[in-house]
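Structural features, examined
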Amino acid sequence: MARRVVVTGVGLVSPLGVGTEATWEGLIAGRSGIGPITRFDASASPVRIAAEVKGFDPTTVMEPKEVRKYDTFIHYAMAAADMAVASSGLVITAENAARVGVVIGSGIGGLPSICENHSVLLEKGPRRVSPFFIPGSIVNMPAGVVSIRTGAKGPNTATCTACSTGAHAIGDAYLYIQHGYCDAAICGGTESVIHPLTIAGFANMKALSNRNDEPERASRPWDRDRDGFVVGEGAGLLVLEEFEHARRRGAAIFCEVLGFGMTGDAHHITAPSEDGDGPARVMQMAIADAALAPEDVDYINAHGTSTPMNDRIETLAIKKVFGEHAYKLAISSTKSSTGHLLGAAGGLEVGISALVVARDTIPPTLNLDNPGEGCDLDFTPHTAVRREVRVAISNSFGFGGTNACVVLGKLR
């Protein structure tokens, strides 16, 4: 029999606030974290808005001289890990360190540092490139630094599956604990790529909203006037534990991880297939892994990017999986508040879903004024709703046709 896995810690750094409670309070209040880009002069860009983390001071988690060694996505991971571990009450000691893993991913990694050091190379020559450039920007370094920082000596891995990264990292940690590779894991995703190259690349794909004059209304999942997603940043990390391990130490438990699924579309480098096959199968797989029926699910934290194709196809996939029950589900896209955190999205959204299960409150979908064609489910428009949530699922889909789904539920 597979070992049971529970969530005992949540740490969130998001455009709504630095901290789990700041993020949650912003969501439930219907606040938007999207605004004009301040990281660089975006005046020449067709897209001049993003969801930036505001008020974050990296010297609160490391010495000033250490800050310069690491790209910002690593700073965010360190802060979120501190929050998640503190939230869990887990104490890592010499006796248990080898049984605590770290699984943290990023979709893009240290792109700002790569660009900065490339400029230094061209302008000042190879000797002026930072010796910390490589370790300060590679995708697995958040996991490495968090392991060093906490002393966790169990499995230490990084996932990179585009916008499914954070959810896949949590799923990997769930499987590691289930199969006995460790008893606890710090897991999730982190990202910080609000940079001219990122914005230009996505904008030229026609993937981003260019509602520059109304940034707080730019992310509008399922609305007929949606015109693309908004790039966000931050980190979402959880502490997962084997149930008996958590129970023995008297840990407060947010919820149980009941199931996990992952599929591939085998269709297109960026677009999901029109029939929603991959997203439908990943939800079916995760629900089956949880030994549940579709009718047992109460809430979906949708991928909900605010792009015309994703929102319509995800809705179709939900209908394929849930049938008539689809119309009884509470669904929301928290990207309407936070923007799209890319590789950190799944970590943030699974963390939010854990709070939804623990607190029986559905965050709203902002800006859903006029549902688009085929988007006729209960997407919790505008205002949070109090409702019992026994089972929630969180969807994450990424470029390359990679899909992940995490099922959470109240402790049984």
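A brief structural summary. The numbering scheme is per chain: residues are counted from 1 as the chain's sequence reads. Given that the model is predicted, a residue must reach a pLDDT of at least 70 before its local features are reported, and side-chain atom pairs must reach 80 or more before they are shown or counted; all residues, however, enter totals for whole chains, interfaces and linings. Remark: hydrogens and water are excluded; side-chain values derive from all non-hydrogen atoms of the structure.

This part takes up the overall build of the chain. Per the secondary structure count, the chain includes 12 helices and 15 strands. Atoms counted for the radius of gyration: C-alpha only. Globule rule: 2.2 Å times the number of residues to the power 0.38. Against the 2.2 N^0.38 benchmark of 22 Å for 412 residues, the chain shows a C-alpha radius of gyration of 20 Å, consistent with a compact globule. With the C-alpha coordinates aligned to their principal axes, the bounding extent of the chain is approximately 65 × 55 × 40 Å. Only protein chains enter the accessibility calculation, which uses a 1.4 Å probe; a residue whose area is less than 20% of its type maximum is buried, one above 50% is exposed, and one in between is partly exposed. Counting all 412 residues of the chain, 61% fall into the buried class. The contact rule is simple, with two residues in contact once any of their heavy atoms fall within 4.5 Å. Here the analysis covers contacts within the chain between residues at least 6 apart in sequence; of these, 79% occur between residues at least 24 apart. Of the roughly 15400 Å² that the chain leaves accessible, carbon and sulfur atoms contribute 54%. Residues scored as charged are limited to Lys and Arg (positive) and Asp and Glu (negative), so that His and the chain ends carry no count. Positions of charges follow a simple convention, taking NZ of Lys, CZ of Arg, CG of Asp or CD of Glu. For the chain, the centre of its 36 positive side-chain charges and the centre of its 44 negative side-chain charges are spaced 4 Å apart. Think of it this way: any DSSP run of H or I at least four residues long counts as a helix, any run of E at least two long counts as a strand, and we number them from the N terminus. In short, Shrake-Rupley with a 1.4 Å probe defines the accessible areas, and a residue's cover is counted only from the protein chains shown.

Time to look at the nonpolar core. Among buried residues, those of type Ala, Val, Leu, Ile, Met, Phe, Trp, Tyr and Cys that are joined through side-chain atoms within 4.5 Å constitute a nonpolar core. Counting 41 residues, the largest nonpolar core has V7, L238, L240, V257 and L408 as the members making the most contacts within it. Looking at this core, the elements that each hand over two or more residues are β1 (5–14), α1 (20–28), α6 (165–178), β7 (184–191), β8 (234–242), β9 (255–264), α12 (345–359) and β15 (402–409). A total of 8 residues in this core trace back to one element, the largest contributor, which is α12. When near neighbours in sequence (up to four residues on either side) are disregarded, V257 contacts V5, V6, V7, Y174, L240, V406, V407 and L408. Within the second largest apolar cluster, 31 residues are counted, among which are V61, I74, Y76 and A79.

As a further point, take helix α3 (residues 72–88). Helix span, expected: 1.5 Å multiplied by one less than the number of residues in the helix. With 17 residues, α3 extends 24 Å between its outermost C-alpha atoms, agreeing within 8% with the 24 Å of an ideal straight helix rising 1.5 Å per residue. Along α3, 12 of the 17 residues are buried, which leaves the element largely enclosed by surrounding structure. Listing the buried residues of α3 in full gives F73, I74, H75, Y76, A77, M78, A79, A80, A81, A84, V85 and S88. Turning to α3, the residues buried within the fold contact β1, α2 (64–67), α5 (141–150), β7 and β8. Trailing α3 by a residue or two, G89 shows a phi angle of about 75 degrees, which is positive.

Once that is clear, we can look at the packing of aromatic side chains. Here is the rule: rings of Phe, Tyr and Trp (six-membered ring for Trp) pair when centre to centre is within 6.5 Å. Planes less than 30 degrees apart are stacked, more than 60 are edge-to-face, and the remainder are tilted. Under the defined criterion, the tally for this structure stands at 5 aromatic pairs. Residues F202 and F229 carry aromatic rings whose centres are separated by 5.2 Å and whose planes lie at 75 degrees to one another, so their mutual orientation is edge-to-face. On the criterion of sequence distance, the pair formed by F202 in helix α7 (residues 196–204) and F229 in the loop between α7 and β8 is long-range, its members being 27 residues apart. Each member of the pair, F202 as well as F229, is classed as buried. Aromatic side chains W222 and F379 sit 3.8 Å apart centroid to centroid with 10 degrees between the ring planes, which places their arrangement in the stacked category. Taken as a pair, W222 in the loop between α7 and β8 and F379 in the loop between β12 (361–362) and β13 (385–386) lie far apart in primary sequence, 157 residues in all. Residue class for W222 comes out buried when judged on its relative accessible area of 0%. Residue F379 is classed as buried on the basis of its relative accessible area, which comes to 1%.

On to the side chain of H340, then. Tracing the sequence through the fold places H340 in the loop between α11 (335–338) and α12. Within polar-contact distance, the side chain of H340 engages the backbone nitrogen of L342 at 3.1 Å. When neighbours within four sequence positions are excluded, H340 is seen to be in contact with C163, F229, V230, V231, G232, H303, T305, K335 and A345. N or O atoms within 3.5 Å of each other form a polar contact, as long as, within protein, one can give a hydrogen and the other can take it, and as long as residues adjacent in sequence are counted only when both atoms are side-chain atoms.

Counting buried residues in β15 gives 8 out of 8 residues, a clear majority hidden from the surface. At least two bridges found by DSSP between two strands is the condition for calling them paired. Bridge count between β9 and β15: 8 bridges; the pairing is antiparallel. Counterpart to M262 in the pairing with β15 is A404. In terms of strand pairing, strand β14 (residues 391–398) meets β15 through 8 bridges, oriented antiparallel. Within β15, the residue paired with I393 across the bridge is V407. Taking the residues between adjacent antiparallel strands as the criterion, β14 and β15 are bridged by 3 residues, where G400 takes a positive phi near 90 degrees.

Next up on the list: the pattern of salt bridges. Only one rule defines a salt bridge in this text: a Lys or Arg side-chain nitrogen within 4 Å of an Asp or Glu carboxyl oxygen. Summed over the entire model, instances satisfying the criterion amount to 21 salt bridges. In this structure, K319 engages D376 in a salt bridge whose closest nitrogen and oxygen atoms are separated by 2.6 Å. One end of the pair, K319, is in helix α10 (residues 308–322); the other, D376, is in the loop between β12 and β13, and 57 residues separate them in sequence. A relative accessible area of 24% places K319 in the partly exposed class. One salt-bridge network, held together by shared partners, links R211, E214, R217, R220, D223 and D369.

Let us look at the packing of α1 against α12. Axis definition: a line fitted to C-alpha atoms, limited for helices to the stretch in contact. Angles are taken between N-to-C directions and run from 0 to 180 degrees. One way to put it is that α1 packs onto α12 with a least axis distance of 11 Å and a crossing angle of 75 degrees. In this view, α1 runs roughly perpendicular relative to α12, as classed from their interaxial angle. Residues T20, E21, T23, W24 and L27 of α1 form the contact with α12, whose own contacting residues are L348, I352, L355, V356 and R359. For this scheme, ten residues count as nonpolar: Ala, Val, Leu, Ile, Met, Phe, Trp, Tyr, Cys and Pro. Four count as charged, namely Asp, Glu, Lys and Arg, and the remainder, Gly too, count as polar. Tallied by class, the residues present in the contact of α1 with α12 amount to 6 nonpolar, 2 polar and 2 charged. Here the word oblique covers every angle except those under 35 degrees (roughly parallel), over 145 (roughly antiparallel) and from 65 to 115 (roughly perpendicular).

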